[in-house]
Amino acid sequence: MYRITIDRDACDGVFACLVRDDRFVEDSEGLAAIETDDEHAVTATFDDDRRDDAEQAAAACPLDAIHVESVEEDAGAVDAPATDTEEVQP
């Protein structure tokens, strides 16, 4: 499992991440967000084979606003809109 986190203070809407991983979208504030189950989040945990896509998106961000890290499988998750810093797990 891995967690993707977007630092909203660092993001300025360059959107290099969008072309590397289609889970990244532009939110209503013009910043990057992670699309999960038709919602936008700033933190999301995934258990899939797309970590490489997320790491490419993070590497493409010129402001280092995207972080990808390993997490334990029992890490809890809470739904969160893009304006919060809570976590969502699809």
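Residues numbered from 1 in each chain as written. Predicted model: local features only at pLDDT ≥ 70, side-chain atom pairs only at ≥ 80, totals over all residues. Heavy atoms only, no water.

### Quick word on unusual backbone geometry
Formally: Only DSSP runs of H or I reaching four residues or more are called helices, and only runs of E reaching two or more are called strands; each is numbered from the N terminus.
Residue Phe15 is not a glycine yet carries a positive backbone phi of 65 degrees. Mapped onto the secondary structure, Phe15 falls in the loop between strand S1 (2-6) and strand S2 (24-26). Despite not being glycine, Asp38 shows a phi value in the positive range, around 65 degrees. Note that Asp38 resides in the loop between strand S3 (32-36) and strand S4 (39-41).

### Comments concerning the sheet that holds S4
Put simply, the rule is: When DSSP finds two or more bridges between two strands, those strands count as paired. Axes, fitted as lines to C-alpha atoms, cover a helix only where it is in contact. Angles between the N-to-C directions of the axes lie from 0 to 180 degrees.
Reading across the sheet, the three strands line up as S2-S3-S4 and stay open at both edges, with antiparallel pairing between neighbours. Lying at the two open borders of the sheet, with one neighbouring strand each, are S2 and S4. This sheet shows a mean twist of 55 degrees between the axes of neighbouring strands, independent of strand direction.

### A closer look at the pairing of strand S5 (residues 43-46)
The test is simple: The classification of residues rests on relative accessible area computed with a 1.4 Å probe and restricted to protein chains. Under 20% of the type maximum is buried, over 50% is exposed, and intermediate values are partly exposed.
Burial along S5 is two-sided: the residues Thr43 and Thr45 and Ala44 and Phe46 are all buried. Strand direction decides the pairing type here: S1 and S5, joined by four bridges, are antiparallel. Its bridge partner being in S5, Tyr2 is matched across the sheet by Phe46.

### Focus on a negative patch on the surface
The condition is simple: Residues qualify for a patch when their relative accessible area is over 30% and they have no salt bridge, like charges being joined within 9 Å and the nonpolar side chains of Val, Leu, Ile, Met, Phe, Trp and Tyr within 5 Å. Here the accessible surface of atoms and residues is derived via Shrake-Rupley with a 1.4 Å probe, and residues count as covered only by protein chains that are part of the display. The rule for a salt bridge is simple: a side-chain nitrogen of Lys or Arg has to be within 4 Å of a carboxyl oxygen of Asp or Glu. Residues scored as charged are limited to Lys and Arg (positive) and Asp and Glu (negative), so that His and the chain ends carry no count. Note that the charge is assigned to NZ on lysines, CZ on arginines, CG on aspartates and CD on glutamates.
Together, Glu35, Asp37, Asp38 and Glu39 make up a region of like negative charge exposed at the surface. A relative accessible area of 36% places Glu35 in the partly exposed class.

### Things to note about the packing of aromatic side chains
Spelled out, the test is: Any pair of Phe, Tyr and Trp rings, taking the six-membered ring for Trp, is counted once the centres come within 6.5 Å. Such a pair is stacked with planes under 30 degrees apart, edge-to-face with planes over 60 apart, and tilted for the rest. Definition used: whenever NZ (Lys) or CZ (Arg) falls within 6 Å of the ring centre and also within 35 degrees of the ring normal, the charge is taken to sit over that ring.
For the structure shown, the criterion picks out one aromatic pair. The ring of Phe46 has Arg23 lying over it, and the distance from NZ or CZ to the ring centre is 4.4 Å.

### Re the side chain of Asp21
Heads up, the rule is: Under this definition, polar contacts are N or O atom pairs within 3.5 Å; protein pairs additionally need one hydrogen-donor-capable and one acceptor-capable atom, and for neighbouring residues in sequence, both atoms have to be side-chain atoms. Should any heavy atoms of two residues lie within 4.5 Å, those residues are counted as being in contact.
Mapped onto the fold, Asp21 is located in the loop between S1 and S2. Among the polar contacts listed, one links the side chain of Asp21 to the side chain of Arg50, at a separation of 3.0 Å. Every residue in contact with Asp21, bar those within four places of it in the chain, is listed here: Arg50, Asp53, Ala54 and Ala57.

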